[in-house]
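Chains, contacts and geometry: an overview
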Amino acid sequence: MSKDLSVKVAGVTFPNPVIAASGTYGFGEDYAPLYPLNRLGGISCKGTTIKEKAGNLPPRIAETTAGMLNSVGLQNPGVDVFINKYLPELKKNGNVIIANLAGASIDDYREAAEKLDSTDVDMIELNISCPNVKQGGATWGTTCDGAASVTKAVRAVTKKPVMVKLTPNVTSVTDIAKAVESEGADCISLINTLLGMRIDINTRRPVLHNNVGGFSGPAIFPVAVRMVWQVANAVNIDVVGMGGVSTWEDAVEMMMAGAKAVQMGTAIFTDPYSPLKVIDGLERYMTEKGIDSLSEITGTVQPW
Amino acid sequence: MSYKCDEYKIVEKKTLAENIYSFTVHCPEAAELAKCGQFVHILAPGFTLRRPISICGIDRERGNIRFVFIIKGHGTEAIARMNEGDMLNMIAPLGNGFSVQSAPSGKRVIVVGGGIGVPPMLETAKSCNKVTAVLGFRSYKNIILADEFRSVCEEVLLCTDDGSVGEKGIVTAPLARELGKGDVGAVFACGPLRMLGAVAETAKKYGVFCEVSLEERMGCGVGACVGCVARIQRGGEEKLLRVCKEGPVFNAEEVLF
């Protein structure tokens, strides 16, 4: 008998806890040739801004040991194209859709959130943690005031569940988490990428044209588990864990640290089927351990 | 755009030159879909990111795709350690190939390859009727696939940087001479960016349609991550288009070299 893998995050039911992470899955259509997208728990769509954004110059990608750097810089067609072109297709097949929103100003966030409020998106994820743009990324997410002000502005214009995606590149992630919670965030996702750099020793140039970029992949998983654990213990709202999740064991670990669901990104580049393998693994784990609902394992780590 | 992702058996492995390998994998569904100029995205065992490699040969009857690659780093080294009979994890076919069908009929096609950009031009040459190949290599010991080009082309012109085989110098000199004959309908090219820029300029001078295959550091390979963009002039404005999805083959006049 198949298990019920569904989880509830901030009132939204996901058929399973495995969500494609923003920026790694586009608007879904690029992976549609491989499997029905509604087999995923949900899709957090490519980070969208109020107006089209060209992104950074290439090279934008560098490999690292057990990971990668990227400096895409939020290249996207703008929120209107997302709403009119991509969202209707994605909602047709019953996918749970998270709109990921970035902005250069509070007004940008507010205006785009207003537009999203009247659509079918299931949740809005606020990207206040992109390390690759000078404005509208980590500038918001690295201070309590910045994070709180964006959350407050968006909260005021939408009834959609609001998830705030936090950057790990801060001194105290729990302070930021508490700040967004107090301004009405419904849940928190973390971690966005760690700021990193690689240098080509032949040319003496950074591999990335942006010089620095976001570090992701299996290498950052322990950092992510630690921060998810800290934040889950600091706030009363739901937490979605991400950062190097590649296997079903990683997903279980992340949930034990305090996550209700996980997001997967870089692992999909290595193996596009990896989210499905994680879902299958979770189902086997539930059967083996006699678990009826995955929420039973959330936050169950027993610290020494 | 349809593609497959699976583990496929390596049915033939050959060494073509120092650090250059030819792999043939059995992948009937992918071979059925594949076109010249497209690429495969190979998982190097133990690595996070896949390696995009151009398709060198498509054998639909046997259900095989062949690709040729050079060891550039640890990832390609790991792929090169694989052997016949091993299973290779591959996404294929990806990207847009050369528009060989739009080459004017009756006219000659020139395929230009430089170094490790030579392999994709073999299947491209096979897909055209009247073909001249202009192939550039560093030296005699780096030459690959020359005999195979001779079996599918009317003429093969070799150049080497050191003059050890064929004409000394880069591909643009023989290319310009061939274009000057006035019977060429299209130029298709793959190689180092600087060579492609020179090829594009030469083709433009003679008013001949030209497409080039670009290379960029890639993430997903299927269009999702927007990691592998190139600067393209299209519709009167500069755009950053995905090499994996809108490319890797672009109209040479659109590429901002």
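Every value quoted in this text rests on a predicted model; they were computed, and no experiment measured them.

Brief notes about the overall build of chain A
The helix and strand tally for chain A stands at 9 helices and 16 strands. Since a compact globule built from 304 residues should have a radius of gyration of about 19 Å, the 18 Å found for chain A is in line with a globular shape. The dimensions of chain A, computed from C-alpha atoms along their principal axes, are 55 × 50 × 45 Å. Residues counted as buried form 57% of the 304 residues belonging to chain A.

Quick look at the packing of helix α4 (residues 144-157) of chain A against helix α5 (residues 173-182) of chain A
Residue and element names in this part refer to chain A. Viewed as axis vectors pointing N to C, α4 and α5 meet at an angle of 25°, and their least axial separation amounts to 8 Å. Overall, the two elements α4 and α5 adopt an arrangement that is roughly parallel. The crossing of α4 and α5 is right-handed. Here Cys144, Ala147, Ala148 and Thr151 of α4 lie close against α5, whose contacting residues are Asp175, Ile176, Ala179, Val180 and Ser182.

Overview of the sheet that holds strand β7 (residues 108-114) of chain B
All names here are of chain B. Strand order in the open sheet formed by 7 strands is β10-β9-β8-β7-β11-β12-β15, with mixed pairing between adjacent strands. Strands with a single pairing partner mark the edges of an open sheet, and in this sheet they are β10 (167-168) and β15 (249-251). The sheet contact formed by strand β9 (residues 155-160) and β10 spans 2 bridges and is parallel. Pairing of Thr160 across the sheet is with Lys168, part of β10. Contacts from helix α6 (residues 193-205) reach β7, β8 (131-137), β11 (184-190) and β12 (209-213), with the element oriented near 170° to β12.

Focus: the interface of chain A and chain B
Contacts between chain A and chain B engage 28 residues on the former and 23 residues on the latter. Elements that contribute at least two residues to the side of chain A that touches chain B include exactly β5 (61-64), β6 (67-70) and α8 (266-270) of chain A. Its residues assigned to classes, the side of chain A that touches chain B comprises 15 nonpolar, 10 polar and 3 charged.

Considering α6 of chain B
All names here are of chain B. End to end, α6 covers 18 Å across 13 residues, agreeing with the expected 18 Å (1.5 Å per residue, within 8%). Residues of α6 that are buried: Met195, Leu196, Ala198, Val199, Ala200, Thr202 and Ala203. Where α6 is buried, its residues contact β7, β8, α5 (172-180), β11 and β12. One or two residues past the end of α6 sits Gly207, with phi positive at roughly 65°.

Some points on the domain arrangement of chain B
Residue and element names in this part refer to chain B. The domain architecture assigned to chain B consists of domain 1 (4-94) and domain 2 (100-213). Between the C-alpha centres of domain 1 and domain 2 there is a distance of 23 Å. The partner domain 2 presents 14 residues to the 13 residues of domain 1 that form the contact. Classifying every residue of the side of domain 1 that touches domain 2 gives 9 nonpolar, 3 polar and 1 charged.

With respect to the confidence of the model for chain B
Confidence along chain B averages 96 in pLDDT terms, with 100% of residues attaining 70 or more. What the predictor reports for the complex is a pTM of 0.96 with an ipTM of 0.95.

Regarding the sheet that holds strand β9 (residues 162-165) of chain A
All names here are of chain A. Reading around the barrel, the 8 strands line up as β3-β4-β7-β8-β9-β10-β15-β16 and close back on themselves, with parallel pairing between neighbours. In this sheet, neighbouring strand axes are inclined to one another by 25° on average, regardless of whether the strands run parallel or antiparallel. Across 2 bridges, strand β4 (residues 42-44) lies against strand β7 (residues 97-101) in parallel orientation. Within β7, the position partnered with Ile43 by the bridge is Ile97.

Considerations on unusual backbone geometry
With the exception of glycine, most residues fall at negative phi, and the peptide bonds are largely trans. Geometrically, the link from Pro58 of chain A to Pro59 of chain A is a cis peptide bond, its omega value of -5° lying close to zero. By the secondary structure assignment, Pro59 of chain A is in the loop between β4 and β5. In this chain, Leu190 of chain A is followed by Ile191 of chain A through a cis amide linkage whose omega measures 10°. Locating Ile191 of chain A in the fold gives a position in the loop between β10 (187-190) and β11 (194-196). The backbone phi angle of Ala10 of chain A is positive, close to 50°, even though this residue is not glycine. Structurally, Ala10 of chain A can be placed in the loop between β1 (7-9) and β2 (12-14). The class of Ala10 of chain A is partly exposed, set by 18 C-beta atoms lying within 10 Å. Residues other than glycine seldom take positive phi values, yet Asn19 of chain B does so here, at roughly 70°. Along the chain, the position of Asn19 of chain B falls in the loop between β1 (4-17) and β2 (20-26).

Points about the pairing of β9 of chain B
In regular strands, side chains alternate between the two faces of the sheet. All names here are of chain B. In terms of strand pairing, β8 meets β9 through 6 bridges, oriented parallel. Within β9, the residue paired with Leu135 across the bridge is Leu158. With respect to chirality, the unit in which β8 leads through helix α4 (residues 146-152) into the neighbouring parallel β9 is right-handed.

Let's talk about the packing of helix α2 (residues 106-117) of chain A against α4 of chain A
Residue and element names in this part refer to chain A. In the contact formed by α2 and α4, the axes pass within 9 Å of each other and the chain directions differ by 30°. Considered as vectors, α2 and α4 are oriented roughly parallel to each other. Both α2 and α4 take part in a crossing whose hand is right-handed. The residues of α4 that touch α2, namely those facing Ile106, Tyr109, Arg110, Ala113, Glu114 and Asp117, are Ser149, Val150, Ala153, Val154 and Val157. The residue makeup of the contact of α2 with α4, split by class, is 7 nonpolar, 1 polar and 3 charged.

Rules used throughout
- Residues numbered from 1 in each chain as written.
- Chains lettered and ligands numbered in written order.
- Predicted model: local features only at pLDDT ≥ 70, side-chain atom pairs only at ≥ 80, totals over all residues.
- Helix = DSSP H or I, 4+ residues; strand = E, 2+ residues; numbered from the N terminus.
- Rg over C-alpha atoms; globule rule 2.2 N^0.38 Å.
- Buried ≥ 20, exposed ≤ 12 C-beta atoms within 10 Å, placed from the backbone.
- Axes fitted to C-alpha atoms, helices over the stretch in contact; angles between N-to-C directions.
- Parallel < 35°, antiparallel > 145°, perpendicular 65-115°, else oblique.
- Left-handed = near helix turned anticlockwise from the far one by under 90°.
- Contact = placed C-beta atoms within 7 Å.
- Pairing = 2+ DSSP bridges.
- Nonpolar A, V, L, I, M, F, W, Y, C, P; charged D, E, K, R; others polar.
- Expected span 1.5 Å × (residues − 1).
- Domains from an automatic or database assignment.
- pLDDT = per-residue confidence, 0-100.
- Right-handed = clockwise from strand over helix to strand, strands pointing away.

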